[in-house]
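Here are the chains, one letter per residue:
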Amino acid sequence: MRIVIKIGTSSLTYATGRLNYRYVKVLVGVLCDLKNMGHEVVLVSSGAMGVGLGKTTLAKKPAETDYRRALAAIGQSSLMAIYEELFGAYGCQVSQVLITKSALQDEANKNDIASAFSRMFELEIIPIVNENDVVASDAMKSMDLFGDNDTLSAHVAEFIKADLLIILSDINGLYDSDPRGNPNAKIIPLVTHLNDEIYKMASGAGTARGTGGMATKLNAAAIVMASGKDMVITNSSRPDDLYKIVAGEAVGTLFKGRA
Ligand code: GLU
């Protein structure tokens, strides 16, 4: 199975903004294991700006774009160095793929990138993907910037023809109302159609450290479902659940594609 797994900054870091090594190590172990089981695994990892912030004297992410680009540049190399080391400890090789929205808008360019992914799978590499935040231009926001890795991971899953996208989040899945405000909120295990009722369930943005909220996850689901593939949103805190999801067990919320 070809699987894209997306992990967000709020799962990778502590509230201090520093990397949660204990968690990242466990996640990396499961990803290597899935690869060893014969799956083709892609990790879409946020955290460049978060890790970049931790390397500086800044207390929080500044709003100015030039600072954010700088933080992404400062953090991306460290993020990869950490992944290289942790994956390497399990005997797994990784690569870095930085993507811009405009590259995917060009059909020929997109196909070239897809073939590079095919080669990496053939060579048993786990590609680690992020948006190229340093060069992505938000002067033309909607045109050239994904801005969140939920959307980016859905596009990646689509163009590399992945069977499944798993979004690891700080929430268990899609709830019928916001579980942070309503203790009686119930998780929705299966979504087969994205209608107004479902969109209404996705309220608000994520945490202070993360970027997307449930709304960007539903946009991601729309992209994946339209290509006939499946997406799962589940809690990042139980990396072992990835085995269950891949085995077809019900975990979190499954968005079933129209295959
Ligand atoms: N690409 C951004 C980063 O690595 C994060 C985007 C997101 O959190 O969705 O910092």
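Going by the structure above, here's the rest.
Rules of the game
- Residues numbered from 1 in each chain as written.
- Predicted model: local features only at pLDDT ≥ 70, side-chain atom pairs only at ≥ 80, totals over all residues.
- Heavy atoms only, no water.
- Phe/Tyr/Trp six-rings, centres within 6.5 Å; stacked < 30°, edge-to-face > 60°.
- Helix = DSSP H or I, 4+ residues; strand = E, 2+ residues; numbered from the N terminus.
- Buried < 20%, exposed > 50% of the residue type's maximum accessible area, 1.4 Å probe, protein only.
- 1 Å grid on protein atoms, 1.4 Å probe; cavity = no way out; pocket = protein on both sides within 12 Å on 5 of 7 lines; lining within 4 Å.
- Points joined across faces, edges and corners; volume = space filled by probe spheres on them.
- Nonpolar A, V, L, I, M, F, W, Y, C, P; charged D, E, K, R; others polar.
- Contact = heavy atoms within 4.5 Å.
- Pairing = 2+ DSSP bridges.
- Axes fitted to C-alpha atoms, helices over the stretch in contact; angles between N-to-C directions.

Peer 1: Any details on the packing of aromatic side chains? Residues and values, ideally.
Peer 2: Geometry of an aromatic ring pair is reported as the spacing of the ring centres plus the angle between the planes. If you walk through the whole model with that rule in mind, you get 3 aromatic pairs. Ring geometry for Tyr83 and Phe87: centres 5.9 Å apart, planes at 55°, overall tilted. Note that Tyr83 and Phe87 are positioned in helix 4 (residues 65-89) at a spacing of 4 residues, about one turn of the helix. The pair Tyr83 / Phe87 is uniform in exposure class, with both members buried. On the basis of an interplanar angle of 85° and a centroid distance of 5.9 Å, the ring pair of Phe117 and Phe159 is categorised as edge-to-face.

Peer 1: Please provide a residue-by-residue account of empty space enclosed by the protein, values included.
Peer 2: One simple way to see leftover space: roll a probe sized like a water molecule over the atoms. If you walk through the whole model with that rule in mind, you get 1 cavity of 30 Å³ or more. There is about 40 Å³ of room inside the largest cavity. Lining the largest cavity are Ala48, Ala72, Gln76, Leu98, Glu131, Asn132, Asp133 and Val134. When its residues are assigned to classes, the lining of the largest cavity shows 4 nonpolar, 2 polar and 2 charged.

Peer 1: Explain the side chain of Thr234 to me, using residue names and the numbers behind them.
Peer 2: Within the fold, Thr234 resides in strand 7 (residues 230-235). The buried category is assigned to Thr234, whose relative accessible area is 1%. Not counting the four nearest positions on each side in its chain, Thr234 is found in contact with Ile166, Ile167, Leu168, Ser169, Ile171, Asn172, Asp241, Ile245, Val251 and Gly252.

Peer 1: Provide a residue-level description of the sheet that holds strand 7, including the pertinent values.
Peer 2: Taking strand neighbours across the sheet as the criterion, the 8 strands line up as 3-4-2-1-5-7-8-6 in an open arrangement whose pairing is mixed. The strands lining the two open edges of the sheet, one partner per strand, are strand 3 (93-99) and strand 6 (190-191). As paired strands, strand 1 (residues 2-7) and strand 5 (residues 164-169) are joined by 5 bridges and run parallel to one another. Across the sheet, residue Ile5 finds its bridge partner in strand 5, namely Ile166. Of the strands in this sheet, strand 5, strand 6, strand 7 and strand 8 (253-255) are in contact with helix 10 (residues 214-226), which crosses strand 7 at around 155°.

The quantities given are spatial measurements derived from coordinates; they are silent on function.
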